[in-house]
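Chain and residue survey
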Amino acid sequence: MRGKSLITAVIILTFAALMTYAVVSLQVFGEGIGVRPLGEFYLENSYFGDYSARSPEVVTSILWDYRGVDTLFETAVFFLAIIGSLTVFRLTREQEKEVKKAESTPTELTPIVKDVTKVIVVMILAVSASIALHGHLTPGGGFQGGSALAVAPLLIIAAYSKYTLEGHGMDKTRALILRSIGLLGIALVALVPLLSDGFIMQNQPIFPAEVNGQLIGGSLIYYNFFEFLAVGAGFTAVFLLLSIPEEKFKKILGVKK
Amino acid sequence: MSVLFYLGAALIVIGALCDLFGALGLLRFPNFYVRLHAATVGIIGGAAVPLFGVALLALGADFLPNRYAIAGASFVTGVTVLLASPAGSHALAYAAHKAKLVQRPEIDHLAEVRDDD
């Protein structure tokens, strides 16, 4: 026991010493060598100039404008993961109905938790929308906002039950429809520049950078909004599937006890 | 830099102290419920209070760009933590009590609840 702790301490101290040496010798916090040419290009073309998305948040601008196709494929990976889990949990129409029926009265948490959940769900909806729709101004964006959005149904599932969420209209089919709308929106926004001799997913000269004097960052706000919708709804669908009780599946699959 | 700035900085220092005491309590307290109390001290005192501190500090910092956005975001996050953390602790304690996982409590005010269910 003592020997193990000693080895751990030695490893941690060596690592700390090496890192300190690296930081000091490489002058990470010193003057440095300034902004590299590529960085300068991105800075100039994301906010300044006529052919820019006018987005102060350069990361969003790079993600959706300059490396849009890259991001599109990253999004595609996420959707493949969702489709994969939907395939694992695939059910027929009758089984879907069966799964939506509560076996007995589902156990809910105490009134304290339920009331706090009500307030927090509303707050999460507002905060996640702000993260997503501010994506071109502040750090954040569609994916982050969508992930935050998905916390709201998750909290409802935990504090109330899956059946409450479905009873209020947010069932798996609705979630999938919302997800598809989001995906379709991303694809359409990506294809619009092709109509006016642009390149695919290029947006700066085509979409307006400002509406009524309000900076909207060209196509960035549309991408962020649709990604927000798609990611939030995708996660919700998976959470709904994961919260199906094991007994239901055993019943459907005919597992004997 | 105004009074708000220093008030916010003071709140952040209080938050650091609360985090330290919460961590100490989590390590040294005898049973689950008191440890949960220490953890909650770490969350409310060590996360919500510094977030309000950041909000005040940002409001008081005249040189900071977008300080209203920073203050607003910190405030909303602080309120969320302030609401969510007690509810979470309550749920944990209730669940531990209901599952009879904790054998130690000498005073059991929830005994009648257990008999009801």
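Residues numbered from 1 in each chain as written. Chains lettered and ligands numbered in written order. Predicted model: local features only at pLDDT ≥ 70, side-chain atom pairs only at ≥ 80, totals over all residues. Heavy atoms only, no water.

When helices and strands are tallied, chain A shows eleven helices and two strands. Ordering the α and β elements of chain A from the N terminus gives α-α-α-α-α-α-α-α-α-β-β-α-α. Taken against the 2.2 N^0.38 rule, which gives 18 Å for 257 residues, the C-alpha radius of gyration of chain A at 24 Å runs more than 25% over that of a compact globule. Each principal axis of the C-alpha atoms in chain A carries an extent, and together these give about 70 × 70 × 35 Å. For chain A, with 257 residues in total, the buried portion stands at 36%. Partitioning the intrachain contacts of chain A with sequence separation of at least 6 by distance along the chain shows that 73% fall at a separation of at least 24. Here chain A holds 21 positive side-chain charges and 21 negative ones, and the gap between their average locations is 15 Å. (Helix = DSSP H or I, 4+ residues; strand = E, 2+ residues; numbered from the N terminus. Rg over C-alpha atoms; globule rule 2.2 N^0.38 Å. Buried < 20%, exposed > 50% of the residue type's maximum accessible area, 1.4 Å probe, protein only. Contact = heavy atoms within 4.5 Å. Lys, Arg positive; Asp, Glu negative; His and termini not counted. Charge placed at Lys NZ, Arg CZ, Asp CG, Glu CD.)

To continue, consider the packing of helix α6 (residues 111–133) of chain A against helix α7 (residues 142–159) of chain A. Residue and element names in this part refer to chain A. Packing of α6 against α7 brings their axes to within 8 Å, and their N-to-C directions diverge by 170 degrees. Taken together, the axes of α6 and α7 are roughly antiparallel relative to one another. Contacts from V113, K114, T117, I120, V121, I124, L125, S128, I131 and A132 of α6 reach α7 at G142, Q144, G145, A148, L149, V151, A152, L155, I156 and A159. Residue classes in the contact of α6 with α7 are distributed as 14 nonpolar, five polar and one charged. (Axes fitted to C-alpha atoms, helices over the stretch in contact; angles between N-to-C directions. Parallel < 35°, antiparallel > 145°, perpendicular 65-115°, else oblique. Nonpolar A, V, L, I, M, F, W, Y, C, P; charged D, E, K, R; others polar.)

Residues and elements named next belong to chain B. The residues that UniProt annotates with the feature "transmembrane region" (unreviewed entry) are residues 6–27, 39–61 and 67–95. Taken end to end, residues 6–27 comprises 100% helix and 0% strand; its first and last C-alpha atoms sit 32 Å apart. The distance separating the terminal C-alpha atoms of residues 39–61 is 31 Å; by composition the span is 96% helix and 0% strand. (UniProt positions renumbered as here; feature names shortened; annotations may be inferred.)

A word on a nonpolar patch on the surface. All names here are of chain A. On the surface, a nonpolar cluster with roughly 460 Å² of combined accessible area is contributed by V69, F73, L191, L194 and I200. Of all elements in the fold, only α4 (68–88) and α9 (172–195) reach the threshold of two or more residues within the nonpolar patch. Inspection of the secondary structure puts V69 in helix α4. Here V69 falls in the partly exposed class, since its relative accessible area comes to 38%. (Patch = residues over 30% accessible without salt bridge, like charges linked within 9 Å, V, L, I, M, F, W, Y side chains within 5 Å. Areas by Shrake-Rupley, 256 points an atom, 1.4 Å probe, with all protein chains shown as cover. Salt bridge = Lys/Arg side-chain N within 4 Å of Asp/Glu carboxyl O.)

Attention now moves to the UniProt feature "transmembrane region" (unreviewed entry) in chain A. Residue and element names in this part refer to chain A. The UniProt entry lists residues 72–91, 119–137, 143–160, 181–201 and 221–242 under the feature "transmembrane region" (unreviewed entry), expressed in the numbering used here. Annotated as 94% helix and 0% strand, the span residues 143–160 places its first and last C-alpha atoms 26 Å apart. Each end of residues 221–242 is marked by a C-alpha atom, and these two atoms are 31 Å apart; helix forms 100% of the span and strand 0%.

Residue and element names in this part refer to chain A. Scanning the model with the defined rule gives seven salt bridges over all chains in all. Two residues, K172 and E96, come together in a salt bridge whose shortest N-O distance is 2.7 Å. Of the two residues, K172 sits in helix α9 while E96 sits in helix α5 (residues 93–100), which places them 76 residues apart along the sequence. With a relative accessible area of 21%, E96 lands in the partly exposed category. With its nearest N and O atoms 3.2 Å apart, the salt bridge here joins E98 to K251. Here E98 is found in helix α5, whereas its partner K251 is found in helix α11 (residues 246–253), with 153 residues between them in sequence. Linked by salt bridges that have partners in common, E98, K248 and K251 make up one network.

We now examine helix α3 (residues 67–98) of chain B. All names here are of chain B. In a regular helix each residue adds 1.5 Å, so 32 residues correspond to 46 Å; α3 covers 46 Å between its end C-alpha atoms and thus fits that length. Turning to α3, its buried residues number three or more, namely R67, A71, S74, G78, T80, S85, A87, S89, A96 and H97. Just downstream of α3, K100 is the residue with a positive phi angle, here 55 degrees. (Expected span 1.5 Å × (residues − 1).)

Between chain B and chain A, the residue contacts involve nine residues of the former and eight residues of the latter. Counting each side, the surface lost to burial between chain B and chain A is near 740 Å², with a carbon and sulfur contribution of 90%. Remark: the boundary between chain B and chain A carries zero salt bridges. Put simply, chain B and chain A have one residue pair in polar contact (both at pLDDT 80 or more) between them. (Buried area = accessible area lost by both parts, 1.4 Å probe. Polar contact = N/O pair within 3.5 Å; in protein donor to acceptor, adjacent residues only side chain to side chain.)

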